[in-house]
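Observations on the three-dimensional arrangement
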Amino acid sequence: MQSVYRQKNWHLKSKMSETYDFLFKFLVIGSAGAGKSCILHQFIENKFKQDSNHTIGVEFGSKVVNVGGKSVKLQIWDTAGQERFRSVTRSYYRGAAGALLVYDITSRETYNALTNWLTDARTLASPNIVIILVGNKKDLEAEREVTFLEASRFAQENELMFLETSALTGENVEETFLKCARQILTKIESGELDPERMGSGIQYGDTSARRIQRTQQQTKRPDCSFKKLLLRMNTMTSNWTISSIYQIDKAIKTFSRTVKIPDEACNCIISGFLICYSSLLLSIYALTLLSSFRTEHRSLIK
Ligand SMILES: Nc1nc2c(ncn2[C@@H]2O[C@H](COP(=O)(O)OP(=O)(O)OP(=O)(O)O)[C@@H](O)[C@H]2O)c(=O)[nH]1
């Protein structure tokens with residue numbers, strides 16, 4: 001982990017030596033003393049940070065993890081919880097894809113401040129930011145001031161994921177980051193998040209990953225327009241059904257009277273036409289259904 005002032009060169013160096021499919025920008029936010037720096041240190045170094053001091057401004061760390069078969073580089077910004085750094089830390093919120101919203105389970109004060117932190121994250125970072133609520137210091141059960149149930153209700157009401165962690169023992173620390181990354185990846189796959197959108201907080205790792213993604217999108221596109229075409233045909237045929245069958249029936253009868261075709265032959269022509277028309281309608285409906293089913297269950301089929 002390094003201070004924000006030293007991270008630039010280091011980041012360039014690591015970019016050259018590592019390959020990954022995606023890069024996600026993460027924030028760690030919450031009140032001072034909640035254990036944000038210790039969580040980040042535990043995640044990156046796999047050990048507890050014994051002498052943790054208050055963060056000055058922002059600190060930075062990164063780690064490549066495997067999420068659902070994809071290698072994802074997490075670029076994590078650990079922000080200072082102290083009020084006096086609020087204006088500095090706020091400038092780092094922009095374009096974050098994920099955030100850990102941390103409180104201390106032994107401090108109700110840090111829990112009560114969550115709403116303010118959440119409002120900041122949702123207004124200053126990306127509107128689609130994926131947030132996980134983290135109740136830290138799980139090892140201090142005897143000093144607990146916030147129950148698991150209470151916090152999980154808060155998480156549910158505010159559409160957040162939730163885990164309790166201990167930066168001291170390492171319990172659930174990695175799982176917290178992975179859970180958040182997994183949700184972002186799922187949203188990318190479902191099309192809810194677009195890595196190409198400015199300020200999404202997501203980047204493609206290398207050119208090949210970008211190319212693969214583009215190819216996938218291109219192969220998906222015709223499917224989408226095919227569905228649109230089907231839906232349009234569907235609407236058109238529904239509109240035609242009643243009026244046009246009546247009109248065509250009338251036209252065939254008038255024609256048969258003019259050229260003097262026997263009634264039986266005329267009925268045969270009309271029946272044949274109706275059979276063909278019904279088959280066409282049925283095929284269009286079946287294809288539309290199939291196409292909708294495929295779109296809805298694409299992730300499951302994969
Ligand atoms: N027992 C226990 N102590 C912890 C844990 N996590 C952090 N601490 C302690 O809590 C104190 C604050 O931890 P920090 O990580 O510096 O807190 P912070 O949220 O980064 O604070 P700011 O940088 O001021 O925003 C330190 O004394 C840590 O040793 C934990 O999981 N269990």
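Placed above this text is the structure.
Residues numbered from 1 in each chain as written. Predicted model: local features only at pLDDT ≥ 70, side-chain atom pairs only at ≥ 80, totals over all residues. Heavy atoms only, no water.

Turning our attention to the site of the ligand. The environment of the ligand is formed by 22 residues, the closest being Lys-36, Ser-52, His-54, Thr-55 and Gly-81. At 3.3 Å, a backbone N or O of Ala-34 approaches an oxygen atom of the ligand. With respect to the ligand, the side chain of Asp-139 contributes an N or O atom lying 2.9 Å from a nitrogen atom. Looking at the shell around the ligand, the element that brings in the most residues is helix H2 (residues 36-45), giving three residues. Residue composition of the shell around the ligand, by class: eight nonpolar, eleven polar and three charged. (Near = heavy atom within 4 Å. Polar contact = N/O pair within 3.5 Å; in protein donor to acceptor, adjacent residues only side chain to side chain. Helix = DSSP H or I, 4+ residues; strand = E, 2+ residues; numbered from the N terminus. Nonpolar A, V, L, I, M, F, W, Y, C, P; charged D, E, K, R; others polar.)

Of all the nine residues making up strand S2 (residues 22-30), nine are buried; the element is thus mostly covered by neighbouring parts of the structure. On S2, burial covers both faces: Phe-22, Phe-24, Phe-26, Val-28 and Gly-30 on one face and Leu-23, Lys-25, Leu-27 and Ile-29 on the other are all buried. Bridge analysis of S2 against strand S4 (residues 70-79) gives seven bridges, and the strand direction is parallel. The residue bridging Phe-24 from the neighbouring strand is Leu-74, located in S4. (Buried < 20%, exposed > 50% of the residue type's maximum accessible area, 1.4 Å probe, protein only. Pairing = 2+ DSSP bridges.)

Evaluated as defined, the whole model comprises eleven salt bridges. Here Arg-86 and Asp-120 are joined by a salt bridge, their closest N and O atoms 3.5 Å apart. Residue Arg-86 is located in helix H3 (residues 86-90), and its partner Asp-120 is located in helix H5 (residues 114-124); the two are separated by 34 residues in the primary sequence. On the accessibility criterion, Asp-120 (11% relative accessible area) is buried. Across the pair Arg-90 and Asp-120 runs a salt bridge whose closest N-O atoms are separated by 3.1 Å. Pair noted here: Arg-90 is in helix H3 and Asp-120 is in helix H5, with a separation of 30 residues, a long-range link. One salt-bridge network, held together by shared partners, links Glu-83, Arg-86, Arg-90 and Asp-120. (Salt bridge = Lys/Arg side-chain N within 4 Å of Asp/Glu carboxyl O.)

Among the ten residues that make up strand S3 (residues 58-67), seven are buried, leaving the element largely enclosed by the rest of the structure. Both S3 and S4 contribute to a ladder of ten bridges, which runs antiparallel. By the bridge assignment, Ser-62 is partnered in S4 with Gln-75.

Right, let's talk about the packing of H2 against helix H7 (residues 173-189) for a bit. Their axes nearest at 9 Å, the elements H2 and H7 cross at an angle of 90°. Between H2 and H7, the angle falls in the class roughly perpendicular. Note on element contacts: H7 touches H2 through Val-173, Glu-174 and Phe-177, opposite Ile-39, Leu-40, Gln-42 and Phe-43. In the contact of H2 with H7, the residues fall into five nonpolar, one polar and one charged. (Axes fitted to C-alpha atoms, helices over the stretch in contact; angles between N-to-C directions. Parallel < 35°, antiparallel > 145°, perpendicular 65-115°, else oblique. Contact = heavy atoms within 4.5 Å.)

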